[in-house]
Every structure is written in structure tokens, then in C-alpha cells.
Amino acid sequence: MFNDYLELSMKMDEKKRRKYKKALFKNKLLKDLKENQIENILDFTEEEIWPKNTCSLSITKPLSRFHFIISGRIKVYKVDKDSGREFTMFLLKDNDVFDVISLLEELDHEVFYETLDKAIILSVPMDVMRRWVKKNSDINKNMLPYLGHQLKTMEEYASDVTLIDISTRLAKLILSNINTESQKLELINDLSNEELANLIGSTRAVVNRHLQEFKNDGILYLGRQKVEIRNLNLLLEKIKTGNGNQKNI
């Protein structure tokens, strides 16, 4: 069971409290709140440690707690009951939150959560978070762009899976995770080919084939559990060419 792996710390010492207060100031929903408001949120939070690759949470009813990710990556995915195939909807990271849908609507939300790293999370009771949302206009103001970004991500996925080939989908996934300042691949650079396939609606074997093609074309370097960008211009050219072609899987 999930709770067998979960470590809880009901009370924080001052050092942790200062650390998490600083982190919450950067959170996408809380970034405009005043210090006393952040302090109030911390009064109700619990620290949770979710170990890598062991925490898997099936959500079949609204979560009883709302979660702020301090560090680590968590994938949000659905599973086809018949085939067992997975589709990863989002990769959440530090400064992300979940579950916004359960926060806004007390409805069943049948998705799964699984850590890709050891994750540190602060959670608050869902009813408390709902009261804060109603009380603080800044949270409401920040929530709309956050939800808008998620909707845009799903819209782009639906368009890509319908209109463009897998090679171009993979190239676009890689491009969207390149740090614009360092020009390095982040967030997905150490994911398995199966995890990459779940992000673009494909299979491990197909993704592996296209990655090898990218490597042979001089676009990528493929190391042991690590992908690096070798030629960004060639990657952009592949996307441009792929977007102009008819889908051919």
C-alpha cells in the first residue's frame, strides 16, 4: 500500500520551516502571497516523502489533501484497462501542485500518480485549501494561467497525435524540455524510452528507433540513461520538415 512507503513529519523544525517558506514563495499558485499568508499555510501543512519508483497512488475519488511539490518529478497518467497501455498526461516538478481538478470540483478523478525521483511534498487538507482559494484573490489569479498552461499542453498533444508523425512528436517533446539559457535537455533527459513513449502516445520500440535515427543524424548524444542535445538547429529542422508532411506512422 502507498501509505507503507510514505513518511510523514507532522511538525517542522524552524530550519525546515524557513526552507519550505522560501519554496512556497516560488510556487506557481502562491507566488504573490504575503509572508503572513505563507506562514498561515505552513501551519496546516504536512511534509511527505515519496520514495523513487515506489509510490504509486490510484485516485478513484477526490483527494483528501492538496499537494505542493517541493522537489522531485511525479508523472500523472492514465491506464487503458484492456491493453494496459499508459498515457502520461503531465510531468509535475518542483513548484507544481496537484490535484487542481479535485480542488475545484468534488468529482471522481481517475488518474494515477507515480514518482520518477524521490519527491518531497507539502500537503494540506483539501477543505482548508478550498477556503484559502475563496479567501485569497491572488491564488485565484495565479490558478487561471496554471490551468491554461495544462489545457494548452493537452490541446497540443491531441493535435500532434492526430496530425503529425511520431518522429516529429518526439522531436517536439525534446525541444519543449530544453532549457533556453543552458541549451541543455532537462526533465526528460534521463527517462527510459518507455516513459518517453508514454508522453507521445507511442511504444518503446518505436521511440528507440527514432532516437537512434536522431543520434545518427547528429542531433542527439545517447548515453547510459542520459540524452544530450548535439545540434539544436538540426532538431528544429526536423520539426519544421515533419510539420509540413502528412502524418505517416
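About the criteria used
Residues numbered from 1 in each chain as written. Predicted model: local features only at pLDDT ≥ 70, side-chain atom pairs only at ≥ 80, totals over all residues. Heavy atoms only, no water. Core = buried A, V, L, I, M, F, W, Y, C linked by side-chain atoms within 4.5 Å. Buried < 20%, exposed > 50% of the residue type's maximum accessible area, 1.4 Å probe, protein only. Contact = heavy atoms within 4.5 Å. Phe/Tyr/Trp six-rings, centres within 6.5 Å; stacked < 30°, edge-to-face > 60°. Helix = DSSP H or I, 4+ residues; strand = E, 2+ residues; numbered from the N terminus. Patch = residues over 30% accessible without salt bridge, like charges linked within 9 Å, V, L, I, M, F, W, Y side chains within 5 Å. Areas by Shrake-Rupley, 256 points an atom, 1.4 Å probe, with all protein chains shown as cover. Salt bridge = Lys/Arg side-chain N within 4 Å of Asp/Glu carboxyl O. Lys, Arg positive; Asp, Glu negative; His and termini not counted. Charge placed at Lys NZ, Arg CZ, Asp CG, Glu CD. Axes fitted to C-alpha atoms, helices over the stretch in contact; angles between N-to-C directions. Parallel < 35°, antiparallel > 145°, perpendicular 65-115°, else oblique. Nonpolar A, V, L, I, M, F, W, Y, C, P; charged D, E, K, R; others polar. Pairing = 2+ DSSP bridges. Expected span 1.5 Å × (residues − 1). Arc of directions from axis to C-beta.

**Focus on the nonpolar core**
A general trend in soluble globular proteins is that nonpolar side chains are found buried together. Within the largest apolar cluster, 40 residues are counted, with the highest numbers of intra-cluster contacts made by Leu30, Phe66, Phe68, Ile74 and Met129. In this structure Phe68 touches Leu24, Asn27, Leu30, Asp96, Val97, Ile120, Ile121, Leu122, Val124 and Met129, once residues within four positions along its chain are discounted. Counting residues in hydrophobic clusters, the runner-up holds 27 residues, among them Leu91, Leu116, Leu191 and Val227.

**Some details on the packing of aromatic side chains**
Here a ring pair, both rings aromatic, is described through the centre-centre distance and the interplanar angle of the planes. Tallied over the entire structure, the rule returns six aromatic pairs. With a centroid separation of 5.9 Å and 70° between ring planes, the pair formed by Trp50 and Phe98 is classed as edge-to-face. Separated by 48 residues along the polypeptide, Trp50 in strand β2 (residues 46–50) and Phe98 in strand β7 (residues 97–98) bring together distant segments of the chain. According to the relative accessible area criterion, Trp50 is buried, its value standing at 1%.

**Re a positive patch on the surface**
Judged by side-chain charge, Lys15, Arg18, Lys19 and Lys118 come together as a positively charged surface patch. By the element assignment, Lys15 lies in helix α1 (residues 14–25).

**Details of the packing of helix α6 (residues 166–176) against helix α7 (residues 193–200)**
Here α6 crosses α7 at 105°, and the two axes come no closer than 10 Å. Between α6 and α7, the angle is such that the two are roughly perpendicular. Contacts between α6 and α7 pair Ile166, Arg169, Leu170 and Leu173 from the former with Leu196, Leu199 and Ile200 from the latter. Its residues assigned to classes, the contact of α6 with α7 shows six nonpolar, no polar and one charged.

**Side note on the pattern of salt bridges**
The full count for this structure, using the stated rule, is 16 salt bridges. With a closest N to O distance of 3.0 Å, Lys16 and Glu47 form a salt bridge. Taken together, the residues Lys16 in helix α1 and Glu47 in strand β2 connect sequence positions 31 residues apart. We note a salt bridge from Asp138 to Lys141, for which the minimum N-O separation is 3.6 Å. Taken together, the residues Asp138 and Lys141, both in helix α5 (residues 137–163) and three residues apart, mark about one turn of the helix. What makes Asp138 partly exposed here is its relative accessible area of 21%. Judged by its relative accessible area of 48%, Lys141 falls in the partly exposed class. Each member of the salt-bridge network shares a partner with another, and the members are Arg17, Lys21, Glu35, Glu39 and Asp43.

**Looking at the pairing of β2**
Of all the five residues making up β2, five are buried; the element is thus mostly covered by neighbouring parts of the structure. Along β2, one buried face is formed by Glu46, Glu48 and Trp50 and the opposite face, lined by Glu47 and Ile49, is buried too. Here five bridges tie β2 to strand β9 (residues 119–125), and the two strands are oriented antiparallel to one another. Bridging from a neighbouring strand, Glu47 pairs with Leu122 of β9.

**Describing helix α8 (residues 204–216)**
Counted at 1.5 Å a residue, the expected span for α8 with its 13 residues is 18 Å, and the 18 Å between its end C-alpha atoms agrees. Taken together, the buried positions of α8 are occupied by Val206, Val207, His210, Leu211 and Phe214. Viewed end-on, α8 has its buried residues packed into an arc of 135°, placing them on one side of the element. One or two steps after α8, the chain reaches Gly218, where phi turns positive at roughly 85°.

**Quick word on the environment of Leu173**
Tracing the chain through its elements places Leu173 in helix α6. The class of Leu173 is buried, set by a relative accessible area of 13%. C-alpha of Leu173 to C-alpha of Leu199: the two residues are 26 residues apart in sequence and 8.1 Å apart in space. With residues up to four places along the chain from it excluded, the contact list for Leu173 reads Ile188, Leu196, Leu199 and Ile200.

**Observations regarding unusual backbone geometry**
That bond from Phe98 to Asp99 is cis: its omega, 5°, falls within 30 degrees of zero. Relative to the helices and strands, Asp99 resides in the loop between β7 and α3 (100–104). Even without being glycine, Gln183 reaches a positive phi, approximately 65°. One can find Gln183 in the loop between α6 and α7.

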